[in-house]
Number of protein chains: 2
Amino acid sequence: MACRHESDTTAPFPGKREHPMHILITGGCGFLGVRLARTLLAGGPLALAGAPARAIARITLADRVPPPADLQADARVQFVPGDLCEQVDNGALPLARADALFHLAAAVSGECEADFDLGMRSNLNATRMLLQACRHAGHAPVFVFSSSVAVFGGSPEQPLPAVIEDSTLPTPQSSYGIQKFIGEQLVADFSRKGFVQGRSVRLMTVSVRPGRPNGAASGFLSGMLREPLAGERARCPVAPETPVALASPGNTVAGIIRAASASAAEWRVRTAVNLPALTTTVREMAQALEHVAGRATSALIDWEPDAQIAKIVTSWPSRIHAARAQSLGLSADPSFDAILRSYLRENPQAHQWPRQ
Amino acid sequence: MACRHESDTTAPFPGKREHPMHILITGGCGFLGVRLARTLLAGGPLALAGAPARAIARITLADRVPPPADLQADARVQFVPGDLCEQVDNGALPLARADALFHLAAAVSGECEADFDLGMRSNLNATRMLLQACRHAGHAPVFVFSSSVAVFGGSPEQPLPAVIEDSTLPTPQSSYGIQKFIGEQLVADFSRKGFVQGRSVRLMTVSVRPGRPNGAASGFLSGMLREPLAGERARCPVAPETPVALASPGNTVAGIIRAASASAAEWRVRTAVNLPALTTTVREMAQALEHVAGRATSALIDWEPDAQIAKIVTSWPSRIHAARAQSLGLSADPSFDAILRSYLRENPQAHQWPRQ
């Protein structure tokens with residue numbers, strides 16, 4: 001894979017030579033990583049943490065699987081294959097040259113419930129090792145940490161408030177949620193010490209994800225749209241009235257990039273920012289599918305409750321008052337119909353139903 | 001050091017043979033560990049997590065320094081010397097036989113601010129390793145984790161609420177506070193998974209501590225009483241009107257033991273319990289010293305502000321509404337005069353001023 005160094009010829013401060021901007025994305029070949037990389041490469045110069053905007057000279061994607069062909073063909077993209085903990089351990093990541101890290105790599109919620117040690121390693125150890133490596137690199141890079149709405153969980157003894165605020169105490173009901181919340185604490189303290197410029201963002205459940213199921217308990221919230229659009233049956237394991245808080249892939253990536261660009265004054269405090277979410281129900285999602293693709297398509301949803309998945313999903317919050325995100329100029333998707341239409345526009349090959 | 005196994009001849013369930021109760025205390029030779037051990041040994045049978053009370057057959061103290069003579073002489077006490085992480089690593093701790101662990105070992109706040117790696121190792125790694133070892137022991141022991149009021153910290157951008165509730169979001173302003181808050185999360189998830197029966201209690205600032213200063217930023221809150229009582233000058237590095245939340249050693253140990261005895265139904269949720277605290281000011285503490293020991297003694301306090309210590313201390317909360325602790329039957333010390341009189345009663349050798 002080629003790599004070209006670009007010198008920034010439009011340095012805003014005469015006499016101060018700006019080095020080429022270098023971005024590192026862990027989990028960079030996953031769904032969000034790829035979308036983030038494409039968005040950054042297609043965008044203009046990037047402002048990091050309130051600094052003047054500079055062109056992106058290189059994006060390094062760290063992952064266990066290779067990037068798609070379009071990113072492989074981009075001379076600005078470098079791929080570092082392997083396990084993240086091992087990569088940090090053996091110095092394979094170009095941390096000393098990274099202006100910003102987007103730490104997206106994680107084991108997902110279902111995996112972490114099934115394999116406790118996997119989650120502790122992939123989510124907790126890896127985040128800590130990456131932060132320590134940034135600290136030792138010594139230049140306090142921007143560190144965007146993808147936390148999750150799964151830090152919030154309700155139980156009969158400790159129900160969630162009706163609306164989640166940025167100041168709501170997380171009481172995670174899953175190992176994944178605990179590990180993400182611990183990651184937030186580490187990012188906060190490494191930031192306070194000046195080791196990184198931390199930006200923890202809590203991603204909402206993303207829908208509609210293209211591709212295949214990924215083992216997350218939330219997977220059906222994409223699958224119940226994606227599979228019927230491709231002419232296949234799909235299961236909805238929760239009751240139709242189940243409320244959910246969702247964000248489109250595009251809106252999610254916009255939030256991640258905004259976190260990286262926010263100045264310290266805009267970011268204000270070291271606690272995590274809840275990204276905005278659209279509150280809807282799975283019934284409304286099925287209705288949107290019917291609006292957009294017809295009744296024959298929405299009839300491909302099998303409403304078969306699964307108590308274990310329902311227990312996890314209903315422990316997640318469904319109403320988010322994302323005040324800090326709003327102060328950064330971010331907002332929720334306007335409707336699930338709009339989310340679904342974006343998915344179809346962005347994935348024209350992904351549906352087989354007759355166009356209307 | 002001798003060790004005697006006692007069989008419990010009063011097993012409450014006929015036919016079920018109760019093994020002798022074994023308690024492990026990490027940091028067991030520190031000030032609180034020693035006091036906890038003495039209180040447990042002097043008390044009668046102990047109820048753990050709501051189970052029927054049983055006699056304590058053995059207490060193992062894990063620490064780097066040996067216990068005092070009275071504990072060394074007790075046949076029920078075993079001492080395991082060494083570094084906690086190494087002890088867990090090499091299997092030196094009798095975890096498989098421990099009915100309850102009181103995890104008190106920690107690097108204190110001032111040390112953790114000065115030496116980041118020390119805090120990460122002594123507070124985060126050690127807690128995690130101990131929890132993993134309990135998990136692998138397989139019998140879900142009671143695990144009392146001594147967290148701290150230092151999880152709460154205010155900043156100009158994110159001031160603390162006027163009163164701290166059990167549901168207040170901690171925003172730690174120190175590495176120590178972050179590490180303790182992470183410990184709480186680990187205890188919560190290991191409990192949820194059934195690996196331990198976790199009981200996280202947030203200890204308030206303890207005053208009056210006997211002995212020598214220990215490097216904590218809060219040290220002066222004991223030293224400004226203890227040293228003048230011993231005829232020595234002592235520094236108060238914060239302004240007289242500084243409000244503080246305090247608990248006596250006796251009240252603190254009572255809270256720790258109550259956490260171990262609480263049933264799952266009494267404990268209710270997996271988040272940490274704020275122990276009760278008396279709200280006072282350092283001026284009132286000096287006045288109490290004058291009441292109890294005369295003006296010549298309180299005049300030994302040097303009021304010399306230290307901006308760095310004042311910044312840490314004033315970031316701590318001073319008003320705690322300890323609702324969950326109250327529901328467990330715990331309450332704050334009635335006054336600082338009462339705290340000071342307890343100290344003098346318990347430490348008759350520690351003061352040189354003329355009795356009044």
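Computed from a predicted structure; not experimentally measured.

Q: Help me understand the side chain of Ser261(A) in this model?
A: Position of Ser261(A) among the secondary structure elements: in helix α8 (residues 249-261). The residues touching Ser261(A), leaving out its near neighbours within four places in the chain, are Ala47(A), Leu48(A), Ala49(A), Gly50(A) and Glu266(A).

Q: Whenever I open this one, the packing of helix α7 (residues 220-229) of chain B against helix α10 (residues 282-293) of chain B confuses me. Can you help?
A: Describing two packed helices takes the angle between their axes plus the distance from one axis to the other. All names here are of chain B. Direction vectors running N to C along α7 and α10 enclose 20°, while the axes themselves pass 11 Å from each other. The angle between the axes of α7 and α10 places the two elements in the roughly parallel class. Our pair here, α7 against α10, has a crossing hand that is right-handed. Each of Phe220, Leu221, Met224, Leu225, Pro228 and Leu229 in α7 lies in contact with α10, whose residues at this interface are Val282, Met285, Ala286, Leu289 and Ala293.

Q: Explain the packing of aromatic side chains here, please?
A: How two aromatic rings sit relative to each other is given by the distance of their centres and the angle of their planes. The final tally for this structure, using the stated rule, is seven aromatic pairs over all chains. Aromatic pair Phe116(A) and Phe190(B): ring centres 5.0 Å apart, planes at 90°, arrangement edge-to-face. A residue pair is termed interchain when its members come from two chains, as with Phe116(A) in helix α5 (residues 116-137) and Phe190(B) in helix α6 (residues 175-192). Judged by its relative accessible area of 4%, Phe116(A) falls in the buried class. By relative accessible area, Phe190(B) is classed as buried at 0%. Joined through ring pairs, the aromatic side chains of Phe116(A), Phe190(B) and Phe195(B) make up one cluster. Directly above the ring of Phe195(A) sits Arg135(A), whose terminal nitrogen or CZ lies 4.8 Å from the centroid.

Q: Explanation requested: helix α1 (residues 31-42) of chain A in the structure shown.
A: Residue pairs spaced three or four apart in an α-helix point in one direction, given the helix's 3.6 residues per turn. Given a rise of 1.5 Å per residue, 12 residues ought to cover 16 Å, and the 17 Å separating the end C-alpha atoms of α1(A) matches this to within 8%. If you check which residues of α1(A) are buried, you get Leu32(A), Gly33(A), Val34(A), Leu36(A), Ala37(A), Leu40(A) and Leu41(A).

Q: What exactly am I supposed to notice about the pairing of strand β4 (residues 100-103) of chain B here?
A: Every other side chain in a regular strand lies on the same face of the sheet, so the side chains alternate between the two faces. Residues and elements named next belong to chain B. Here β4 shows a buried face lined by Ala100 and Phe102 and a second buried face lined by Leu101 and His103. As judged from the four bridges shared by strand β1 (residues 21-26) and β4, these two strands associate in the parallel manner. Looking at β4, one finds that Ile25 is bridged to Phe102. Summarising the sheet, β4 and strand β5 (residues 142-148) pair through four bridges and their orientation is parallel. Its bridge partner lying in β5, His103 is registered against Phe145.

Q: What exactly am I supposed to notice about the relation of the copies chain B and chain A here?
A: You can overlay chain B on chain A at an RMSD of 0.0 Å; the transform is a turn of 180° with a shift of 0.0 Å along its axis. Here the symmetry operator amounts to a two-fold rotation axis. No C-alpha of chain B approaches the rotation axis more nearly than that of Leu169(B), which lies at 2.3 Å. With an isologous cut-off of 70% or more, the 100% of interface residues of chain B that recur at the interface of chain A puts this contact in the isologous class.

Q: Could you clarify how one ought to interpret the pattern of salt bridges in this entry?
A: Where charged atoms of side chains with opposite charge meet at close range, the side chains can pair. All names here are of chain A. If you walk through the whole model with that rule in mind, you get 32 salt bridges over all chains. Of the charged contacts, one joins Arg76 and Asp74 as a salt bridge, the two residues approaching to 3.0 Å between their closest N and O atoms. Given the relative accessible area of 18%, Asp74 is considered buried. Close ionic contact of Arg235 with Glu304 constitutes a salt bridge, the shortest N to O distance being 3.6 Å. Here the residue Arg235 occupies a position in strand β8 (residues 234-236), and Glu304 occupies one in the loop between β12 (301-303) and α12 (307-314), the gap between them amounting to 69 residues. Classification of Arg235 as partly exposed rests on a relative accessible area of 39%.

Q: Just checking my understanding: could you explain the sheet that holds strand β6 (residues 197-203) of chain A for this structure?
A: Whenever strands of a sheet pair, they do so through backbone hydrogen bonds, lying parallel or antiparallel. All names here are of chain A. Strand order in the open sheet formed by seven strands is β3-β2-β1-β4-β5-β6-β10, with parallel pairing between adjacent strands. Whereas interior strands pair on both sides, the edge strands pair on one side only; in this sheet they are β3 (77-81) and β10 (273-274). Across six bridges, strand β1 (residues 21-26) lies against strand β2 (residues 56-63) in parallel orientation. Bridge assignment links Leu24 to a residue of β2, and that residue is Thr60. Contacting β4 (100-103), β5 (142-148) and β6, α8 crosses the sheet at an angle of about 160° to β6.

Q: Could you clarify how one ought to interpret the environment of Arg35(B) in this entry?
A: All names here are of chain B. One can find Arg35 in helix α1 (residues 31-42). For the pair Arg35 and Ala323, spaced 288 residues apart in sequence, the C-alpha separation works out to 25 Å. Apart from the residues lying within four places of it in its own chain, the contact partners of Arg35 are Pro249, Gly250, Val253 and Glu346. There is a polar contact of 2.8 Å between the side chain of Arg35 and the side chain of Glu346.

Q: Help me out: how do you make sense of the domain arrangement of chain A in this one?
A: Reports often express the size of an interface as the amount of accessible area lost when the parts come together. Residue and element names in this part refer to chain A. Per the domain assignment, the segments making up chain A are domain 1 (21-204 + 249-274) and domain 2 (220-244 + 278-321 + 328-350). Between the C-alpha centres of domain 1 and domain 2 the distance comes to 26 Å. Residue-level contacts link 22 residues of domain 1 with 12 residues of domain 2. Carbon and sulfur atoms supply 61% of the area buried between domain 1 and domain 2, which totals about 1,400 Å² over both sides. Interface area lost by domain 1 to domain 2 is led by Ile164, Asn251 and Arg258, which between them contribute 30%.

Q: Quick question: what am I supposed to make of the environment of Ala272(A) here?
A: Residues and elements named next belong to chain A. Looking at where Ala272 falls in the secondary structure, it is placed in the loop between α9 (264-267) and β10. On the accessibility criterion, Ala272 (2% relative accessible area) is buried. A C-alpha to C-alpha distance of 6.6 Å links Ala272 and Glu184, two positions 88 residues apart in sequence. Residues within four places of Ala272 in sequence aside, it is in contact with Asp166, Glu184, Ser200, Arg202 and Arg324.

Q: I'm lost on the environment of Phe220(B) in this one. Help?
A: Residue and element names in this part refer to chain B. You can see Phe220 is positioned in helix α7. It is 9.6 Å that separates the C-alpha atoms of Phe220 and Ile309, two residues lying 89 residues apart in sequence. In contact with Phe220, other than residues within four places in its own chain, are Arg235, Cys236, Pro237, Val238, Val282, Ile309 and Val313.

Q: What's the story with the sheet that holds strand β9 (residues 243-247) of chain B in this structure? I'm lost.
A: Here three strands make up an open sheet; going across it, the order is β7-β9-β11 (chain B) and the pairing mixed. This sheet does not close on itself; its edge strands, each paired only once, are β7 (205-206) and β11 (278-281) of chain B.

Definitions and limits used
- Residues numbered from 1 in each chain as written.
- Chains lettered and ligands numbered in written order.
- Predicted model: local features only at pLDDT ≥ 70, side-chain atom pairs only at ≥ 80, totals over all residues.
- Heavy atoms only, no water.
- Helix = DSSP H or I, 4+ residues; strand = E, 2+ residues; numbered from the N terminus.
- Contact = heavy atoms within 4.5 Å.
- Axes fitted to C-alpha atoms, helices over the stretch in contact; angles between N-to-C directions.
- Parallel < 35°, antiparallel > 145°, perpendicular 65-115°, else oblique.
- Left-handed = near helix turned anticlockwise from the far one by under 90°.
- Phe/Tyr/Trp six-rings, centres within 6.5 Å; stacked < 30°, edge-to-face > 60°.
- Buried < 20%, exposed > 50% of the residue type's maximum accessible area, 1.4 Å probe, protein only.
- Lys NZ or Arg CZ within 6 Å of the ring centre and 35° of its normal.
- Expected span 1.5 Å × (residues − 1).
- Pairing = 2+ DSSP bridges.
- Least-squares fit on C-alpha atoms with pLDDT ≥ 70 in both.
- Salt bridge = Lys/Arg side-chain N within 4 Å of Asp/Glu carboxyl O.
- Polar contact = N/O pair within 3.5 Å; in protein donor to acceptor, adjacent residues only side chain to side chain.
- Domains from an automatic or database assignment.
- Buried area = accessible area lost by both parts, 1.4 Å probe.

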